[in-house]
Amino acid sequence: MGHRVEALQDQLRCDVGQWARILKIGYVLRELQVEFVAPVFVGAFLEVASWGYLVEPDGFRARFVIVDEGDRAARAFGTMRFVTVNLATGRKVPGPDALPSDADTNLLLARPTTAEYLQTIRNVPEAWRA
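Reading the values: rules and limits
- Residues numbered from 1 in each chain as written.
- Predicted model: local features only at pLDDT ≥ 70, side-chain atom pairs only at ≥ 80, totals over all residues.
- Heavy atoms only, no water.
- Helix = DSSP H or I, 4+ residues; strand = E, 2+ residues; numbered from the N terminus.
- Areas by Shrake-Rupley, 256 points an atom, 1.4 Å probe, with all protein chains shown as cover.
- Buried < 20%, exposed > 50% of the residue type's maximum accessible area, 1.4 Å probe, protein only.
- Pairing = 2+ DSSP bridges.
- Polar contact = N/O pair within 3.5 Å; in protein donor to acceptor, adjacent residues only side chain to side chain.
- Contact = heavy atoms within 4.5 Å.
- Phe/Tyr/Trp six-rings, centres within 6.5 Å; stacked < 30°, edge-to-face > 60°.

Tell me about the overall build of the chain, and name the residues and values.
When helices and strands are tallied, the chain shows 3 helices and 4 strands. In the structure as shown, the chain presents an accessible area of about 8,400 Å², 56% of it carried by carbon and sulfur atoms.

Have a look at this one:
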């Protein structure tokens, strides 16, 4: 989970702490599904990637993949469901229309699309490539 928070800050200039202060909301992991598809051995270097793929009234769904950097094959992949909660009450609330960012431009436009990224990875569900 930590990679998502760090990547948002490092790559998109989005600070989760700032979201909490400004919007008074947080995102709580509600569901997690993971499939392990190949072993990982000591000394392997792994890449963790994740992306949102479905916005819902009370949160969003994201997919993730853990990839061996050497052979670009997934070792695990899965999905996560996050719900938006009011930080004062802990109750579900609708998500905001937009999230604060300190970036001058939309940095997402400079990143590969999910389909482009997944073309470089083996062992992921074919449906994810669409």
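Anyway, onward from the coordinates.
Provide a residue-level description of the pairing of strand β3 (residues 59–68), including the pertinent values.
Along any regular strand, the residues point their side chains to alternate faces of the sheet. With 8 of 10 residues buried, β3 lies mostly within the body of the structure. In this sheet, β3 lies alongside strand β2 (residues 46–56) in antiparallel orientation, the contact comprising 10 bridges. Bridge pairing in β3 places Trp51 opposite Arg63. Following β2, the chain reverses through 2 residues before pairing antiparallel with β3. The pairing of β3 with strand β4 (residues 73–86) spans 10 bridges and is antiparallel. In the strand pairing of β4, Arg61 is matched with Arg81. Joining the antiparallel neighbours β3 and β4 is a turn of 4 residues, in which Arg72 adopts a positive phi near 60 degrees.

Tell me about the side chain of Arg75, and please be specific about residues and values.
Inspection of the secondary structure assignment puts Arg75 in strand β4. A polar side-chain atom of Arg75 sits 3.4 Å from a polar atom in the side chain of Asp68. Of note is the side chain of Arg75, whose polar atom sits 3.4 Å from the backbone oxygen of Ala73. In contact with Arg75, other than residues within four places in its own chain, are Glu35, Phe36, Val37, Ala38, Pro39, Val40, Leu46, Ile66, Val67 and Asp68.

For the packing of aromatic side chains, give the residues involved together with the corresponding values.
All chains considered together, the criterion is met by 4 aromatic pairs. Taken together, a centroid distance of 5.4 Å and an interplanar angle of 70 degrees make the contact between Tyr27 and Phe60 edge-to-face. In this pair, Tyr27 sits in strand β1 (residues 25–36) while Phe60 sits in strand β3, placing the two residues 33 residues apart along the sequence. Overall, Phe60 belongs to the buried group, its relative accessible area being 18%. An angle of 75 degrees between the planes, with centres 5.4 Å apart, marks the rings of Phe77 and Trp128 as edge-to-face. Of this pair, Phe77 sits in strand β4 while Trp128 sits in the segment after α3 (114–118), and the two are 51 residues apart along the sequence.

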